[in-house]
Number of protein chains: 2
Amino acid sequence: MNKINRVAIIGGTHGNEFTGAFLVKKFQQFPEVIQKPSFETLTILGNPKAFEAGKRYIEKDLNRCFLTESLQNPNLSSYEDIRAKQIAGVLGEENQPKVDVVIDLHSTTANMGLSIILGNQDPFLLKLCAYLSEINPLVKVCYTIPEKGSNFLRSLNKLGFVIEVGAVAQGVLNAELFQKTEQLIYTILDYVEKYNQGNIPKINNLLSLYKFTGTIDYPRNGNGDIQAMIHPDIQFRDYAPLNPGDPLFLTLDGKAIAYEGTSIVYPIFINEAAYYEKGIAMLFTEKQLINFD
Amino acid sequence: MNKINRVAIIGGTHGNEFTGAFLVKKFQQFPEVIQKPSFETLTILGNPKAFEAGKRYIEKDLNRCFLTESLQNPNLSSYEDIRAKQIAGVLGEENQPKVDVVIDLHSTTANMGLSIILGNQDPFLLKLCAYLSEINPLVKVCYTIPEKGSNFLRSLNKLGFVIEVGAVAQGVLNAELFQKTEQLIYTILDYVEKYNQGNIPKINNLLSLYKFTGTIDYPRNGNGDIQAMIHPDIQFRDYAPLNPGDPLFLTLDGKAIAYEGTSIVYPIFINEAAYYEKGIAMLFTEKQLINFD
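Keep in mind that this is a model prediction, so the values were computed, not measured.

## Topic: the packing of helix H1 (residues 18–29) of chain B against helix H6 (residues 175–196) of chain B
Residues and elements named next belong to chain B.
Phase 1: Where H1 meets H6, the closest approach of the two axes is 10 Å, and the angle between their N-to-C directions is 60°. In terms of axis orientation, H1 runs oblique to H6. Seen along the crossing, H1 lies across H6 with a hand that is right-handed. Where H1 abuts H6, its residues Thr19, Phe22, Leu23, Lys26 and Phe27 lie against Leu177, Phe178, Thr181, Glu182, Ile185 and Tyr186.
Phase 2: Looking at the contact of H1 with H6 residue by residue, the class counts come to seven nonpolar, two polar and two charged.

Shown next, in the form of structure tokens:
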């Protein structure tokens, strides 16, 4: 692979995810902390209007606006559709000067620690992730393939990925997570610098890759009203194995509902606030071990 | 004091505070769990439109709409102003049949445990709070006097108070907090039943009452942009004493800012998401001990 010349860091793609938005604000105020000898680092505040309003989005979810057809459709003219086209104009694979790596910063009310979410299994990204998870056990790595094309910002770029940190409430800036995410970004930039110098660190451990297999909604009645909550046994236990028969939900009147699958899954994004409207109580993943020998 | 004939439980006064909203939904589905021999319990979903939308409010904060002048002002016609007038029509002191006790259920991103917030020091309420905090150390009791009149829902009624539970993200239903709040409500209803029977439990301990003394905003620059976060040492440490010189904030570039007051305070509502727009990083309280001998 060629040298990496430009890395882009995006925060506040969702306006109420403050960790990334304030990190971008910090990097714009103190640009020297993200500059490296062999490449340029640029920063973008993803959804400035939504950040200003303290909301996920103004009209529609910006991180669902990046399908190629949508970006090419002149009739899509919501604030977020226009913003997506602007961002794609900077980060798209074909634009010049080319951005080689895109880091999209998100946060979640689920206990995702420092998660990296990949949309492809490019060897550069897998090795980077293996390195990051080896030196920091809070780092977990997920892999999600969208059903048809991808409408995520990270899909603009082959070396695009998400850093998803939590648990943190929407609209809250948590100093501890801010600093942990900041350190993770510095480690990534150091890794890119080493890569450019032909000096990438050796990986000793297997990489645990959590591959998305499906979603499950909250139990609802005929009107769509939620009838059960995430069971306390699994709340904040993202990435822990869920066995057939384990408690999954708890009804409002206190009855446990078991996981009825036939194999172990590893739930992630458990009880993410923004996913209630999407009909998602959690995502299921399966765990795969990747060897770099 | 006279017998208590009617108790009202309000949830979802803020639409994205799911604990109370879903408790009200449960109580409406299973009304038998809140019925007692000597009094009636009614339930109200405070802001149904905001709950449906998963937002704190639609046009303005409903829990700031209850100033007497506002309720009497026919020109105030936002969704929340109209809703406030409807709620006041049921809960106001002069309405018949009279509601004697109002319990307004809220949640917060601050680590407030199970907090009870009083707007007056009626002896019935103080004894109830002393009893609740004696049997459950998670229960804390605050007292706030508004600057001019009161625009809070709880102020509709002399025996009105708030239960404020956290830490929980906005737009998230947390089963553990749901069940703890539910048990607290049952204990309150049991206490009212005992009171009506002339049989209220004896109080052995002093009551710690945290009295509101002021607020402090996040450090901001000339444009109003936040320049510092809640210091990690005090995040989630609501009700812990803060001494002069203790770290209070942490700037984006990692410098601690100390608390500059001259006396110990007990911060509450530390890093509440909804208070960013109100210019409040936390509330300061002083601690008072009340004896019931």
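## A closer look at the relation of the copies chain B and chain A
Phase 1: With an RMSD of 0.0 Å, the operation that places chain B on chain A is a rotation of 180° combined with a shift of 0.0 Å along the axis. A rotation of that kind, with that shift, is consistent with a two-fold axis. The C-alpha atom lying nearest the rotation axis in chain B is that of Ala169 of chain B; the distance is 2.2 Å.
Phase 2: A symmetric contact is evident, with 100% of the interface residues of chain B recurring at the interface of chain A.

## Some points on the layout of surface pockets
Phase 1: Each pocket or cavity is described by its volume, and for the largest pocket that value is around 1,500 Å³.
Phase 2: Residue lining of the largest pocket: 46 residues in total, with Asn16, Gly54 and Lys55 of chain A together with Asn16 and Lys55 of chain B positioned closest to the centre.
Phase 3: Sorting the residues of the lining of the largest pocket by element identifies helix H1 (18–29) and helix H2 (48–53) of chain A together with H1 and helix H2 (48–53) of chain B as the ones contributing at least two each.
Phase 4: Its residues placed into classes, the lining of the largest pocket shows 20 nonpolar, 12 polar and 14 charged.

## Looking at the sheet that holds strand E10 (residues 256–258) of chain A
All names here are of chain A.
Phase 1: An order of E8-E9-E10 is seen for the three strands of this open sheet, with the pairing classed as antiparallel. Edge positions in the open sheet fall to strand E8 (228–230) and E10, since each of these has one partner strand only. The sheet shows a mean angle of 35° between the axes of neighbouring strands, taken without regard to direction.
Phase 2: Note: E8 against strand E9 (residues 247–251), three bridges, orientation antiparallel. Bridging from a neighbouring strand, Ala228 pairs with Thr251 of E9.

## As for the nonpolar core
Phase 1: The biggest cluster of nonpolar side chains holds 144 residues, and the ones touching the most others in it are Leu118, Phe124 and Phe161 of chain A together with Leu118, Phe124 and Phe161 of chain B.
Phase 2: Contact partners of Phe161 of chain B, with chain neighbours within four places excluded, come to Val101, Val102, Ile103, Asp104, Ile116, Ile117, Leu118, Leu125, Leu128, Arg154 and Ile188 of chain B.

## Comments concerning the environment of Ile230 of chain B
Phase 1: By the secondary structure assignment, Ile230 of chain B is in strand E8 (residues 228–230).
Phase 2: Taking the relative accessible area as the measure of exposure, Ile230 of chain B reaches 0% and is therefore buried.
Phase 3: Separated by 108 residues in sequence, Ile230 of chain B and Asp122 of chain B have C-alpha atoms that sit 34 Å apart.
Phase 4: Setting aside anything within four residues of it in sequence, one finds Ile230 of chain B in contact with Ala175 of chain A together with Tyr218, Gln235, Leu248, Phe249, Leu250, Ile270, Asn271, Ala281 and Met282 of chain B.

Conventions and cut-offs
- Residues numbered from 1 in each chain as written.
- Chains lettered and ligands numbered in written order.
- Predicted model: local features only at pLDDT ≥ 70, side-chain atom pairs only at ≥ 80, totals over all residues.
- Heavy atoms only, no water.
- Axes fitted to C-alpha atoms, helices over the stretch in contact; angles between N-to-C directions.
- Helix = DSSP H or I, 4+ residues; strand = E, 2+ residues; numbered from the N terminus.
- Parallel < 35°, antiparallel > 145°, perpendicular 65-115°, else oblique.
- Left-handed = near helix turned anticlockwise from the far one by under 90°.
- Contact = heavy atoms within 4.5 Å.
- Nonpolar A, V, L, I, M, F, W, Y, C, P; charged D, E, K, R; others polar.
- Least-squares fit on C-alpha atoms with pLDDT ≥ 70 in both.
- 1 Å grid on protein atoms, 1.4 Å probe; cavity = no way out; pocket = protein on both sides within 12 Å on 5 of 7 lines; lining within 4 Å.
- Points joined across faces, edges and corners; volume = space filled by probe spheres on them.
- Pairing = 2+ DSSP bridges.
- Core = buried A, V, L, I, M, F, W, Y, C linked by side-chain atoms within 4.5 Å.
- Buried < 20%, exposed > 50% of the residue type's maximum accessible area, 1.4 Å probe, protein only.

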